[in-house]
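# Structural characterization, general
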Amino acid sequence: MVNAMEIYQLTPKTNCKKCGLPTCMAFAVALLGREKNIEDCTPLVDEPKYEAKLKKLQEVMEPIMGASETGLIVHPEKCYGCGNCVVACPVNVANDPRGSAIGLGPKSDKAILVVEDGVVKCLNMEECRRFGPNKIMCNACTATCPSKAIEFV
Ligand code: SF4
Ligand code: SF4
Ligand code: SF4
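What this report covers is the structure whose coordinates are included nearby. If you're wondering where the values come from, they're calculated on a predicted model, not measured in any experiment.

## Describing unusual backbone geometry
Although it is not a glycine, Lys 13 sits at a positive phi angle of roughly 60°. When you line up the elements, Lys 13 lands in the loop between helix H1 (4-9) and helix H2 (24-32). With 13 C-beta atoms counted inside 10 Å, the residue Lys 13 sits in the partly exposed group. Within the chain, Lys 17 stands out as a residue other than glycine whose phi angle is a positive 75°. Note that Lys 17 resides in the loop between H1 and H2. Assessed through the 12 C-beta atoms surrounding it within 10 Å, Lys 17 is described here as exposed.

Structure follows, in structure tokens:
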């Protein structure tokens, strides 16, 4: 899971206060705690020179933002990359049949659970069955994880 210092490195680091906080570090902490959104840093969103930082920040924040909606979090230190969850997730199987059938991935950019470098990662959390107004309390990923590396909070 990303930490506040890593998030801080992806802010403009100008302490301009436009987000309503005194420093970019305070913003990073607030973002991590889901008290702020990326869009609250208007320089980052509006200024083309920060485009690469914005893209990277969106990427690292995706699992955290998804967690606030779905409650799903990953404990990477407990994961040993078996791929059970990748195979079990019904959305993975539907969106990424080639990659998910063998517990690896991603072969599609719509997979939710992928194993990379031996550790599970959550992507595309908006595809999870627990996301959105028609959410279903799916638990296929946690039920099949032998090491409790995925949980709902
Ligand atoms: S708006 Fe962005 S650049 Fe300005 S202080 Fe907040 S995080 Fe830093
Ligand atoms: S809760 Fe269901 S849909 Fe969401 S990641 Fe886990 S198995 Fe996939
Ligand atoms: S989260 Fe659990 S089921 Fe998924 S790859 Fe890691 S150990 Fe296996």
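## Some points on the site of ligand 1
Taken together, 14 residues sit near ligand 1, with Cys 16, Cys 19, Cys 24, Phe 27 and Cys 41 positioned nearest. Those elements that place two or more of their residues in the shell around ligand 1 are H2 and helix H3 (42-46). Residues belonging to the shell around ligand 1 are distributed by class as follows: nine nonpolar, three polar and two charged.

## Section: the pairing of strand E2 (residues 113-116)
Note: E2 against strand E3 (residues 119-122), four bridges, orientation antiparallel. By the bridge assignment, Glu 116 is partnered in E3 with Val 119. As consecutive antiparallel partners, E2 and E3 are separated by two residues, and within that stretch Asp 117 has a phi angle of approximately 50°, a positive value.

## Re helix H4 (residues 51-70)
Taking 1.5 Å as the rise per residue, H4 with 20 residues should run 28 Å; its terminal C-alpha atoms sit 28 Å apart, in good agreement. In H4, a bend of some 45° at Met 61 exceeds every other bend along the element, and Pro 63, a proline, comes one to four places later. Of the residues one or two after H4, Gly 71 is the one with positive phi, at around 80°.

So, how was this worked out
- Along every chain, residues carry numbers that run from 1 in the direction the sequence is written.
- Labels follow written order: the first chain is A, the first ligand is 1, and so on.
- Reporting of local features is limited, given that this is a predicted model, to residues whose pLDDT is at least 70; pairs of side-chain atoms are given and counted only at 80 or more, and all residues count toward the totals for whole chains, interfaces and linings.
- Secondary structure follows DSSP: runs of H or I at least 4 residues long count as helices, runs of E at least 2 residues long count as strands, and numbering of each begins at the N terminus.
- Counting other C-beta atoms within 10 Å of its own, a residue is labelled buried from 20 upward, exposed at 12 or fewer, and partly exposed in the gap between, with every C-beta atom placed from the backbone.
- Being near a molecule or strand means, for a residue, that its C-beta atom, positioned from the backbone, comes within 6 Å of it.
- Polar here means any residue other than Ala, Val, Leu, Ile, Met, Phe, Trp, Tyr, Cys and Pro, which are nonpolar, and Asp, Glu, Lys and Arg, which are charged; Gly is therefore polar.
- Following DSSP output, two strands are said to pair if at least two bridges run between them.
- In this analysis, the expected span of each helix is defined as 1.5 Å times one less than the number of residues it contains.
- The term bend refers to the angle at a residue between two fitted axes, each drawn through seven residues, those ending there and those starting there.

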